[in-house]
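Below, each chain spelled out in residue letters.
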Amino acid sequence: MDYTYKKIWLIAFPVMMSILIEQLINITDALFLGHVGDVELGASAIAGIWFLAIYMLGFGFSLGLQVVIARRNGEQQYSETGKTFFQGFSFLLSLAVALCLLSQILSPVLLKHLIASDAVYNAVIRYLDGRIWGLFFSFPFLALRSFLVGITQTKALNMAAFTAVLVNIPMNWILIFGFGMGISGAAIASSLAELCSLIVLTAYVFRHINRHLYGLHWSMDMTVLKEILSISVWSMLQFFMSVAIWFLFFLAIERLGEMELAVSNIVRSVSALFSVIVNALSGVTSSLVSNLIGAGEKKNVFPLCRRVIRLGYAAGVPLIALALLFHQPIIGAYTDNPTIVQVAWLPFAVMLLNYFFALPGYVYLNAVTGTGATRTVFIFQVTTTIAYLSCLWGLSRWSVPLAAYWAVEYLYVILLGIQAIIYLKYKR
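Small disclaimer: the values here were computed from a predicted structure and weren't measured.

**So, the overall build of the protein**
Summing up its helical and strand segments, the protein has 15 helices and 0 strands in all. In terms of overall dimensions, the protein is globule-like: its C-alpha atoms have a radius of gyration of 21 Å, near the 22 Å expected for 428 residues. Each of the three principal axes of the protein carries a C-alpha extent, and together these read 60 × 45 × 40 Å. Evaluated residue by residue, the protein yields a buried proportion of 58% over its 428 residues. One finds the centroid of the 25 positive side-chain charges in the protein at a distance of 15 Å from the centroid of its 18 negative side-chain charges.

This is the structure we're talking about:
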């Protein structure tokens, strides 16, 4: 349980690669659609976040699943880790079926009332029609990832990530331009990439994980599922809310104009690369904290968090410097419109500098999650969301530059971090 910088990195790096799957899929979609048209580029932002909000219900459950698996692993109850995994896998597969059906019925009705532009609305629906079926692949993938992260055997996540990227990029080109499917082609390519990454991870588990040791035999135990749900339900609500906020943010931007929406999608797309580092390190923090508590080593929680934060700065700061230095070619890769490149510079810089606050904020927040206090984390999310939306509402009443909207993110992550630190110190 002595988690050195090297051990943390060896566990976290494959997780970064697996998170990179979803983010690179979104980035690739934006890169290709930016050369189709500004409407498609902006619509992919709203559609992507709408899909992500649905996806986060499964992701939140998988985080609770990961905490329970890690706790059993820390307690050396290895056979219980596999039993726990199968309860989570069954639930996530059922959840995928329910969410796909609900999205097909409700998404067109709800989005019609939320999106002002008819052109943007039609493009969003075309994207979702092909993208929503990817839940049948991404949710089982989340269950497998939770199991591997929980038992701290994460190397296979690298292979799954690279597979998704290698499939997604050529399929985007073929379907968007080769078959002329536009935004619908981007959605189908993304779902196919998730299917291939799931196949790779499944094959790895069957070939390299000791199924007898970890109890990887199909079984149903409602008692275990209830335990997972008691932790996961708050994570599901928390992550759904965190993405719902993004959706409301982009609805506010959409009312500023199609160009501002396109600019914000570019900024969000680039920010996804940095959020990969933050999300991977903070997600691993929750698993490692859970392992520490299972082993009775509570005193090492704060030293672990400090190591994770230092590691995150070492990985992220050089990338931020490069992004600031080469901002024009990076933004220009998304669009041929010189006005968009010029307008995007200030929001781009504001987004990059938020990394310095987001990293410690999310690391400490996920440390609270690792203790099993997911209801407390949800409460932190609610209080922070109220403050965040109040600021957005205030900005919408004034004529302020686009960068001011992106600066509100600073308030969001700082408040989350402060509440988490106070809780951890109070609970010792």
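There's more to say after this.
**Description of a nonpolar patch on the surface**
A cluster of nonpolar side chains, V36, W173, I174, F177, F179, M181, I188 and L192, forms an exposed patch at the surface whose accessible area comes to about 700 Å². The set of elements that each furnish at least two residues to the nonpolar patch consists of α6 (156–178) and α7 (183–208). In terms of residue count, the dominant contributor to the nonpolar patch is α6 (3 residues). Secondary-structure assignment places I188 in helix α7. In this structure I188 comes out as partly exposed when scored by relative accessible area, which is 31%.

**Notes on the environment of G37**
Relative to the helices and strands, G37 is located in the loop between α1 (5–33) and α2 (38–74). G37 sits 146 residues away from I183 along the chain, and the two C-alpha atoms are 9.9 Å apart.

**Some thoughts on the nonpolar core**
Among the nonpolar cores identified, the biggest contains 151 residues, and F85, L111, V124, L135, F139, F147 and L148 are the most heavily contacted of them. Residue contributions to this core peak at 21 residues, all from α2. Once you skip the residues sitting within four places of it in the chain, L111 turns out to touch W50, Y121, V124, I125, L128 and F247.

**Quick notes on unusual backbone geometry**
In this structure, Q76 is a non-glycine residue whose phi angle is positive, near 65°. Structurally, the position occupied by Q76 is in the loop between α2 and α3 (78–114). When its relative accessible area of 58% is taken as the criterion, Q76 is described as exposed.

**Let's talk about empty space enclosed by the protein**
Inspection of every chain in the model, using the stated rule, returns 3 cavities of 30 Å³ or more. Here the largest cavity defines a volume of roughly 1,000 Å³. Around the largest cavity sit 49 residues that line it, and Q23, W246, S275, N279 and Y362 are the ones nearest its centre. Here the lining of the largest cavity takes 10 residues from helix α9 (residues 258–294), the largest share from any one element. Considered class by class, the residues forming the lining of the largest cavity number 29 nonpolar, 16 polar and 4 charged.

**So, the packing of aromatic side chains**
All chains considered together, the criterion is met by 22 aromatic pairs. An angle of 45° between the planes, with centres 5.9 Å apart, marks the rings of F85 and F89 as tilted. Here the residue F85 and the residue F89 both occupy positions in helix α3, the gap between them amounting to 4 residues, near one helical turn. A relative accessible area of 19% means that F89 is categorised as buried. Aromatic side chains F274 and Y355 sit 6.2 Å apart centroid to centroid with 70° between the ring planes, which places their arrangement in the edge-to-face category. Of this pair, F274 sits in helix α9 while Y355 sits in helix α13 (residues 355–370), and the two are 81 residues apart along the sequence. The residues F274 and Y355 share a single accessibility class, namely buried. One aromatic cluster is present, formed by Y78, F85, F86, F89, F147 and Y214 through successive ring pairs. Here R131 stacks its cationic end above the ring of F51, 4.2 Å away from the centre of that ring. Here K425 stacks its cationic end above the ring of F302, 4.9 Å away from the centre of that ring.

Conventions we followed
Residues numbered from 1 in each chain as written. Predicted model: local features only at pLDDT ≥ 70, side-chain atom pairs only at ≥ 80, totals over all residues. Heavy atoms only, no water. Helix = DSSP H or I, 4+ residues; strand = E, 2+ residues; numbered from the N terminus. Rg over C-alpha atoms; globule rule 2.2 N^0.38 Å. Buried < 20%, exposed > 50% of the residue type's maximum accessible area, 1.4 Å probe, protein only. Lys, Arg positive; Asp, Glu negative; His and termini not counted. Charge placed at Lys NZ, Arg CZ, Asp CG, Glu CD. Patch = residues over 30% accessible without salt bridge, like charges linked within 9 Å, V, L, I, M, F, W, Y side chains within 5 Å. Areas by Shrake-Rupley, 256 points an atom, 1.4 Å probe, with all protein chains shown as cover. Salt bridge = Lys/Arg side-chain N within 4 Å of Asp/Glu carboxyl O. Core = buried A, V, L, I, M, F, W, Y, C linked by side-chain atoms within 4.5 Å. Contact = heavy atoms within 4.5 Å. 1 Å grid on protein atoms, 1.4 Å probe; cavity = no way out; pocket = protein on both sides within 12 Å on 5 of 7 lines; lining within 4 Å. Points joined across faces, edges and corners; volume = space filled by probe spheres on them. Nonpolar A, V, L, I, M, F, W, Y, C, P; charged D, E, K, R; others polar. Phe/Tyr/Trp six-rings, centres within 6.5 Å; stacked < 30°, edge-to-face > 60°. Lys NZ or Arg CZ within 6 Å of the ring centre and 35° of its normal.

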